[in-house]
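# Observations on chain architecture
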Amino acid sequence: MIILGIETSCDDTGIAIVEVAPTKVGVVFDILSNTISSQIKVHQKYGGVVPNLAAREHLKNIEPCLKTTFKQVKTKPKDIDLIAVTIGPGLIPSLLIGVHFAKTLAYKWQKPIVGVNHIEAHILAILLKNKKIKFPAIALVVSGGHTQLILMSDIGKYKILGETRDDAAGECFDKVAKLLGLGYPGGPEISKQAEKCKKSNIDLTRPMINHKNYDFSFSGLKTAVLYKTKKQKVNIPEMAKETQQAIIDVLISKTMKAAKECKAKTIILSGGVAANEELRNQLNVKCKLLNVNFLVPTKNLCTDNGTMIAVAGYFNKSTKNVKANANLRIGQ
Ligand code: KG4
Ligand code: ZN
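Let me begin by describing the structure that accompanies this report. (Residues numbered from 1 in each chain as written. Chains lettered and ligands numbered in written order. Predicted model: local features only at pLDDT ≥ 70, side-chain atom pairs only at ≥ 80, totals over all residues. Heavy atoms only, no water.)

For the rest of this paragraph, the subject is the sheet that holds strand β10 (residues 293-295). Spatially, 5 strands are ordered β8-β7-β6-β9-β10 in an open sheet, and the strand pairing comes out mixed. Lying at the two open borders of the sheet, with one neighbouring strand each, are β8 (157-163) and β10. Averaged over all pairs of adjacent strands, the angle between their axes in this sheet comes to 20 degrees, without regard to strand direction. For strand β7 (residues 147-154) and β8, the ladder comprises 6 bridges, and the chain directions are antiparallel. Counted as the bridge partner of Q148 is E163 from β8. With respect to the sheet, helix α8 (residues 236-261) is in contact with β6 (137-142), β7, β8 and β9 (266-270), its orientation differing from that of β6 by roughly 160 degrees. (Pairing = 2+ DSSP bridges. Helix = DSSP H or I, 4+ residues; strand = E, 2+ residues; numbered from the N terminus. Axes fitted to C-alpha atoms, helices over the stretch in contact; angles between N-to-C directions. Contact = heavy atoms within 4.5 Å.)

Here we take up the layout of surface pockets. Of the voids in this model, the largest pocket is the one considered here, and its volume is about 1100 Å³. Around the largest pocket, the lining comprises 43 residues; the ones closest to its centre are G144, D174, P185, G272 and T303. Of all the secondary-structure elements, those providing two or more residues to the lining of the largest pocket are β3 (26-38), α4 (118-124), α5 (169-179), α6 (186-195), α8 and α9 (277-290). Sorting elements by how many residues they give to the lining of the largest pocket places α6 first, with 6 residues. (1 Å grid on protein atoms, 1.4 Å probe; cavity = no way out; pocket = protein on both sides within 12 Å on 5 of 7 lines; lining within 4 Å. Points joined across faces, edges and corners; volume = space filled by probe spheres on them.)

Here I160 shows up in strand β8. Taking relative accessible area as the criterion, I160 reaches 47% and is therefore assigned partly exposed. Residues I160 and E171, 11 residues apart in the sequence, show an inter-C-alpha distance of 20 Å. (Buried < 20%, exposed > 50% of the residue type's maximum accessible area, 1.4 Å probe, protein only.)

Two packed helices can be described by the angle between their axes and the distance between those axes. In contact at an axis separation of 9 Å, α5 and helix α7 (residues 219-231) are set at 10 degrees when each is read in the N-to-C sense. One finds that α5 runs roughly parallel with respect to α7. Where α5 approaches α7, its residues C172, K175, V176 and L179 are matched on the opposing element by L221, K222, V225 and L226. Residue composition of the contact of α5 with α7, grouped by class: 6 nonpolar, no polar and 2 charged. (Parallel < 35°, antiparallel > 145°, perpendicular 65-115°, else oblique. Nonpolar A, V, L, I, M, F, W, Y, C, P; charged D, E, K, R; others polar.)

With an omega of -10 degrees, the peptide bond running from G88 to P89 counts as cis. By the secondary structure assignment, P89 is in the loop between β4 (82-88) and α3 (92-109). Here the bond from F135 into P136 is cis, since omega is 0 degrees, no more than 30 degrees from zero. Notably, M208 is not glycine yet its phi reads approximately 60 degrees, a positive angle. Here M208 lies in the loop between α6 and α7. Accessibility expressed as a relative area gives 11% for M208, which makes it buried. Positive phi is not limited to glycine here, since K263 has a value of about 50 degrees.

Here you go:
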């Protein structure tokens, strides 16, 4: 089965073709083609994504992106068995472009279309490495828009244990980077600066780390950095290291607590922030100590892309999510 995955929920236009083959050992996903058109240059000067500009860029880039995706393979539109598209959560103007584009293709090519939840797609990106998930699993989804701890009893069976009450982890990276005069997106910039510092002497708060729930809060951390930078000139690598470690400490502490309480066999780390080397390494060490499997997508598949949408589309294909294309709406 060949699936076309379309992602436009934020500021990356992602289109991919994924071949799915059920085998004796499970379903195997093969990426045939994967195109991502980044809008970093457009949003950089604002230090964050501007929704209307993002939609305008998606509109401009989506057709060239589709053409590039098909150019790299022998696959033709007639070979596509299913079109999968992100229907939420995300920025409404951005989502609308992807959904309308997908609906147009489905009508033109007369193909079935399925709506995909962006968070589920981030989690299922792990299957592109052909990794098996042993259940129950705890998924930590950390991106620019979301920070969620999810208990997964099977593919498609999720329970949100906790989430951020204000800023997402990625948003905190982005906003602190802006405060420090670094570029956008902030995550990679902060970690690049952090690498330059051996030991930070700055002390930042670890918000909600001792609360008896699985919720997060990152806006206070950003404010703490703001006050410290206002009071005195700070050493940027030192501040970057401490900010990164404060975020990592809270994420890991809550994830391990959930894993122990739910007797998890697997911990999945996904979303754009999962590309963070320190977070990957430190969580991996903790998983080894607890003797649970640790799964994380390859770095290029942590941030938004069309391949993860195709994978999630495969699992949704037999559910009520498959709609006559005229009925497919965002946010469902
Ligand atoms: O999943 P994603 O591409 O888009 C959303 O669904 O939001 O995540 C983007 C977020 C941004 O906030 C970016 O700063 C963060 O992921 N990010 C990182 C790293 N690479 C991307 N955060 C920390 N370390 C990184 N290496
Ligand atoms: Zn995302």
